[in-house]
Amino acid sequence: MITEQFVTTSVTPLDNLDTLSPYEVAKLHDASQGGLYKLFRQCSLAVLNCGSELDSTKKVLEKFQKFDIKISQKHRGVQLDLINAPVSAFVDGEIITGIREHLFSVLRDLLYVGDELDKCCAGLDDSESISNMVFHILRHAEAIRPHVKPNLVVCWGGHSISRHEYEYTKKVGYELGLRALDICTGCGPGAMKGPMKGATIAHAKQRIDDGRYVGISEPGIIAAESPNPIVNELIIMPDIEKRLEAFVRLGHGIIVFPGGAGTAEEILYILGLLLHERNRKIPFPLIFTGPEGSEEYFATVDKFIRQTLGEEASQRYEIIIDDAHEVALRMNQGLKNVTEYRKATSESFHFNWQLHIPEGFQQPFEPTHDNMAQLNINHGQSNFELAANLRCALSGIVAGNVKEPGIRAIEEHGPFDIQGDPAMMGELDRLLTSFVEQRRMKLNYKEYTPCYRLNPAAEQAEVSET
C-alpha cells in the first residue's frame, strides 16, 4: 500500500540472514526496556529514510511516529513487514535493492552483538576484550578480507557540507578509485557519500566489479546520518567508540574532508592514538584536504591541534588544498609504506592488531551533564590522554546537536558545561565558533543554538589577550 509519504509492504533478504530462531524473533519483538525492538525500529527507520535533509534523530523519529517494523517467519525464511515506511526508499512500489540489503545488515548486527559477543572474549582484559569484540563484529559482517594488500581508505568529513566541497570529495574518490583503492566512510551523506560516488565511476572505468564501499555506523548517529545506498557493506557497531576503533583497525589510511564537531572528534581520536609512544613507529597515512575556499577551515583546525596537542601532533598529518590528484598519489604511496611495514612485522593486512588503543579511547563515554563537566581538559597529562578528553567533549557536543538522548538532556537541563584550562578553553571556543560562523554546526539549515557552554575562565582569558 502506497500513500503520498508512506509505504506499507513486506520484504525478504536477497542472499543473507535467511533464517532466525524463535528466540531471536521474540527478542526483536519485545518492546519492553530489555528488548531490541526500539533499537531495531530506530535503525531500520534510518536506513529507509535515506536522502532526508533532517540531521536530528529526534526530528526523524517525530516525523515518522507511525512507522513500525515487524518480523515474521515464512516457509522461505525471514520476512520484514514495513508499516508506514518513508516513500523515498521505494521506486514504483519496490524497495531499492541497496536499502533492502541495509535493512538486513541492521538485523544481522543487532542480533549478533546482543547474542554472541558476551561469549567471545573470556580471559582477556577489558581493552583486549573490546578489540576482539570489534574484530568479531567485522568478521561476522564479512568485512575482514585476508590476503588483500592494504587498499581501504577511510574518508571522514561533514554530512552537511556545501555543494562545492561535496563535488571535491567526489573528485578525490574518483582518483582513489582509478588506483583500485576501496572506500570506507561513516556511510551517510555529504563527505561520506561523495568519495564513494567518485570511486564507483573510477572502478567502472577500470572494470573493477568488486569495489568495496564500506559504511560503519552506530545506533546513536544513524538516524541523523542515514546510510547512502552506494554502501555495499553496512556495519552497525554498538557505540561510537567501537565505531571509531573499527575505522582504524579495518582501514589503512585516512582522508579528512571539512566537517564540524563530529569530524573534529574523529581527528582527535586518530591523533591521540598516533601520539601514543607504542604507535609512533606505525605508518598510518593521514591527509586533511578540501577544495579551494576551505583553507580557513583547515588553518583553524591545524592551529587548534598545535595549541592543544603540540607540534608533535601536527607532524602526523599533511594538508593538501584543491588537488585531488596529489591526495590520491600521497595516499597510494602511504599505503605502500603500510604494506611494507606489515610485511616486515608479520602484521595482518586485514586488521591492524599492532595499533595500541588505550582503554580511555575504548570505554563508551555517556555525555551527561555531570560527565561533561568532569572532563579533564587541562595540562599535566600526556598528549594522548588530553586528546581522549577533548574527543569526549566534542562527542558530547555531537550528542547535544543530533542524538535523541543528548537533545532531550539539553532541553531538560540546558547546555552542557565544559570546564578546563583557560587557554585551552579559549582555543576550543575559537574552534567551535569558527564552525558556527562557517555554518558547519547548523541543524536542518536553521541558525545554530549552542548545546554547550564553556566555563567563564575562557571568556576572561579572551579579554586579557585582547
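Asker: Explain unusual backbone geometry to me, using residue names and the numbers behind them.
Answerer: Look at Glu142: it is not a glycine, yet its phi comes out positive at around 60°. For Cys187, which is not glycine, the phi dihedral falls at a positive 80°. Within the fold, Cys187 resides in the loop between β7 (182–185) and α7 (194–205). For Cys187, a relative accessible area of 0% gives the class buried.

Asker: Tell me about helix α5 (residues 126–140), residues and numbers included.
Answerer: The terminal C-alpha atoms of α5 lie 21 Å apart, and with 15 residues this matches the ideal 21 Å at 1.5 Å per residue to within 8%. When you tally the buried positions in α5, you get 11 out of 15 residues, the bulk of the element. Among all positions of α5, only Ser127, Ser129, Ile130, Ser131, Asn132, Met133, Val134, Phe135, His136, Ile137 and Leu138 are buried. Among the residues of α5, the N-terminal cap falls to Asp125, whose side-chain oxygen and the backbone nitrogen of Ser127 are separated by 3.2 Å.

Asker: Which residues make up the sheet that holds β7, and what values do they have?
Answerer: Pairing is parallel across the open sheet formed by seven strands, whose spatial order is β9-β8-β7-β6-β10-β11-β12. The open sheet is flanked by β9 (233–236) and β12 (318–321), the only strands paired with a single partner. Strand after strand, the sheet turns through a mean of 25° between neighbouring axes, direction not considered. Across four bridges, the pairing between strand β6 (residues 152–156) and strand β10 (residues 253–256) is parallel. Considered in β10, the bridge of Trp156 is made with Val256. Sheet strands touched by helix α12 (residues 324–345): β6, β10, β11 (286–290) and β12. Its angle to β10, the strand with the most contacts, is close to 160°.

Asker: With reference to specific residues and values, describe the nonpolar core.
Answerer: In terms of nonpolar packing, the biggest core is built from 82 residues, with Leu138, Ile397 and Ile418 touching the most fellow members. The biggest single contributor to this core is helix α15 (residues 383–402), with 11 residues.

Asker: A description of the side chain of Asp182 should follow, citing residues and the corresponding values.
Answerer: Take Asp182: it is sitting in strand β7. Arg212 provides the closest opposite charge to the buried, salt-bridge-free Asp182, at an N-O distance of 5.0 Å. At 3.1 Å, the side chain of Asp182 forms a polar contact with the backbone nitrogen of Arg212. Dropping the residues within four chain positions of it, Asp182 is found in contact with Asn151, Leu152, Val153, His203, Gly211 and Arg212.

Asker: Give me the environment of Glu175: which residues, what numbers.
Answerer: Mapped onto the fold, Glu175 is located in helix α6 (residues 163–178). Judged by its relative accessible area of 16%, Glu175 is buried. A sequence separation of 151 residues divides Glu175 from Glu326, and the C-alpha atoms of the two residues are 9.0 Å apart. Dropping the residues within four chain positions of it, Glu175 is found in contact with Ala324, His325 and Ala328.

Rules of the game
Residues numbered from 1 in each chain as written. Predicted model: local features only at pLDDT ≥ 70, side-chain atom pairs only at ≥ 80, totals over all residues. Heavy atoms only, no water. Helix = DSSP H or I, 4+ residues; strand = E, 2+ residues; numbered from the N terminus. Buried < 20%, exposed > 50% of the residue type's maximum accessible area, 1.4 Å probe, protein only. Expected span 1.5 Å × (residues − 1). Polar contact = N/O pair within 3.5 Å; in protein donor to acceptor, adjacent residues only side chain to side chain. Pairing = 2+ DSSP bridges. Axes fitted to C-alpha atoms, helices over the stretch in contact; angles between N-to-C directions. Contact = heavy atoms within 4.5 Å. Core = buried A, V, L, I, M, F, W, Y, C linked by side-chain atoms within 4.5 Å. Lys, Arg positive; Asp, Glu negative; His and termini not counted. Salt bridge = Lys/Arg side-chain N within 4 Å of Asp/Glu carboxyl O.

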